[in-house]
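Single-letter residue listing:
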Amino acid sequence: MKKPLLAIGISLALSVPLAAQAGPKEDFQEVYSKAQSTHQDAGTFQWTITGDRLKAAKSAADNGDYEKAIAMADEALKLAEESVAQRKQQKEAWRHVAIGN
Amino acid sequence: MLKAKVILVALGAALAVPQALAGATPEEDRKETVEYFKQMFPDVPFEEFVNGQYALNDDRRKQWESMQDFPPYEFAVAEGQEMFETPFANGKTYASCFENGGIGIRQNYPYFDTEKNEVITLELAINRCREANGEEPLKWKKGAIASISAYMASTSQGKPINIKVPDDPDALAAYQDGKEFYYSRRGQLNFSCASCHVQNPGKWIRADFLSPTVGQPANFPVHRAKWGELGTLHRRFAGCNNNVRADPLPAQSEEYRNLEYFLTYMSNGLPVVGPATRP
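Residues numbered from 1 in each chain as written. Chains lettered and ligands numbered in written order. Predicted model: local features only at pLDDT ≥ 70, side-chain atom pairs only at ≥ 80, totals over all residues. Heavy atoms only, no water.

Participant: Would you explain the overall build of chain A in this entry?
Facilitator: Along chain A, the regular secondary structure elements total 4 helices and 0 strands. For chain A, the sequential pattern of α-helices and β-strands runs α-α-α-α. Within the span of chain A, comprising 101 residues, buried residues form 33% of the whole. For chain A, contacts bridging at least 24 residues in sequence account for 68% of all contacts bridging at least 6. Here chain A displays about 6600 Å² of accessible surface, and carbon together with sulfur accounts for 57% of that area. (Helix = DSSP H or I, 4+ residues; strand = E, 2+ residues; numbered from the N terminus. Buried < 20%, exposed > 50% of the residue type's maximum accessible area, 1.4 Å probe, protein only. Contact = heavy atoms within 4.5 Å. Areas by Shrake-Rupley, 256 points an atom, 1.4 Å probe, with all protein chains shown as cover.)

Dropping the structure here:
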């Protein structure tokens, strides 16, 4: 009676680390989708170079080069974060330099 | 003690009120802007600002003047006139869509349509005219639309730009959006339109000589040597955004139309000189 339970327990215990261990494809998808959504958050303040990096990341992933894909997606994410910061900063900063304000 | 507090509050309020009122209206903005450029270039006659860099740089002006005997946009203007006068499939022409048959009206564009609650540029009106008459819209940045717009501008040459911001909260919001766009830094290079055309006109940025804000829209559509053809103002907006590594917005997007509204308002009183040539 106890043997089947033990077998289930062992197989469950072994499967947890396997499920938690993401491969390079999953790592890429996570950072790529975060970079994409941050790029969208920049609204009308998107940077051309962010789009270039996203395209390069996608292209590398399509070719199975996940190391390059992750590096490009990481860069895209950093650039997108800077563009979002610019958007937030300019919300008020433009007034300080505008003639007539 | 109470008296002192009252005096301090009153003093604070007195100082704050003029600050709040400064630049409160488009006309105040325009006057301050014109004064700014007059002080920056005291030797340049005001009407010369419509010639952009040619008003500020003698070498560039000589090159430009030598081109004026045979301006490179002449054929495009002739084509634009032909298209303007050719009836649509339903027998009507562009003239049916515009005040005064579309002749001599460039100086009134863009305007704020209080019924549709949006800025109407000349190019938008041209394409809406086509669609209202069962025709396909033209592409926005170059080609036929630039030629038709250039022909219409040519019939307004010398007429003072006369943009109005009606007493309407939506019109004022559109103007303010355009102003915010003009002064907001964008792109990886962190430049605003104003970084070049307010803070640094008369200077070189790499191979480009920077023109001042006032007068800029008076000469569009322009034939740029770089393009080798005529292009619209929104094509130029997109090019400027791209130069600073900011994603350009679509031509005739609400943002670019509001930007054109603000920018053209700043040139009120200056004559239409479009189409024109630029490097």
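The rest of the description comes next.
Participant: Can you help me understand the UniProt feature "binding site: heme c 2" (unreviewed entry) in chain B in this one?
Facilitator: Residue and element names in this part refer to chain B. When the UniProt feature table is mapped to this numbering, "binding site: heme c 2" (unreviewed entry) covers Cys-193, Cys-196, His-197 and Cys-240. For the annotated residues, spread through 48 residues, the largest C-alpha to C-alpha distance comes to 11.2 Å, consistent with a single compact locus. On the secondary structure map, Cys-196 appears in helix α8 (residues 193–197). Given a relative accessible area of 12%, Cys-196 falls into the buried group. Ignoring any residue separated from it by four or fewer positions in sequence, one finds Cys-196 in contact with Phe-191, Pro-201, Ile-205 and Leu-210. Along the chain, Cys-240 turns up in helix α9 (residues 233–243). (UniProt positions renumbered as here; feature names shortened; annotations may be inferred.)

Participant: Would you mind showing me how to read the sheet that holds strand β5 (residues 222–224) of chain B here?
Facilitator: Pairing between sheet strands relies on hydrogen bonds along the backbone, with the strands arranged either parallel or antiparallel. All names here are of chain B. Sheet architecture is open: 3 strands sit in the order β6-β5-β7, paired in mixed fashion. Across the chains shown, the open sheet's two edge strands, defined by having one partner strand only, are β6 (229–231) and β7 (276–278). Pairs of neighbouring strands in the sheet enclose a mean axial angle of 40 degrees, with direction left out of account. One ladder, built from 3 bridges, connects β5 with β7; its direction is parallel. Residue pairing across strands places His-223 opposite Thr-277, the latter belonging to β7. (Pairing = 2+ DSSP bridges. Axes fitted to C-alpha atoms, helices over the stretch in contact; angles between N-to-C directions.)

Participant: In this structure, what is going on with the nonpolar core? I would like to understand it.
Facilitator: Within the largest apolar cluster, 40 residues are counted, with the highest numbers of intra-cluster contacts made by Tyr-182, Tyr-183, Val-198, Tyr-256 and Tyr-261 of chain B. Residues Phe-98, Ile-145, Ala-146 and Met-152 of chain B belong to the second largest nonpolar core, which totals 23 residues. (Core = buried A, V, L, I, M, F, W, Y, C linked by side-chain atoms within 4.5 Å.)

Participant: In this structure, what is going on with the pattern of salt bridges? I would like to understand it.
Facilitator: Two side chains carrying opposite charge are able to pair once their charged atoms lie near each other. Residues and elements named next belong to chain B. Taken as a whole, this structure holds 13 salt bridges over all chains when the rule is applied. Between Glu-229 and Lys-142 there is a salt bridge whose closest N-O contact spans 3.8 Å. Residue Glu-229 is found in strand β6, and its partner Lys-142 is found in the loop between α5 (122–132) and α6 (144–154); the two are separated by 87 residues along the sequence. Taking the relative accessible area as the measure of exposure, Lys-142 reaches 43% and is therefore partly exposed. Here the residues in one salt-bridge network are Glu-48, Arg-61 and Glu-65, joined through shared partners. (Salt bridge = Lys/Arg side-chain N within 4 Å of Asp/Glu carboxyl O.)

Participant: Honestly, the state of the cysteines in this entry has me stumped. Any pointers?
Facilitator: By definition, a disulfide is the covalent link that joins the sulfur atoms of two cysteine residues. Residue and element names in this part refer to chain B. Summed over all chains, the structure comprises 1 disulfide over all chains. Across the disulfide, Cys-97 is cross-linked to Cys-129 (sulfur-sulfur distance 2.0 Å). Disulfide Cys-97-Cys-129: the torsion about the S-S bond is 75 degrees, which places it as right-handed. In this pair, Cys-97 sits in the loop between α4 (74–85) and β1 (111–113) while Cys-129 sits in helix α5, placing the two residues 32 residues apart along the sequence. Of the residues examined, Cys-97 reaches a relative accessible area of 35% and is grouped as partly exposed. For Cys-129, a relative accessible area of 2% puts it in the buried group. (Disulfide = S-S within 2.5 Å.)

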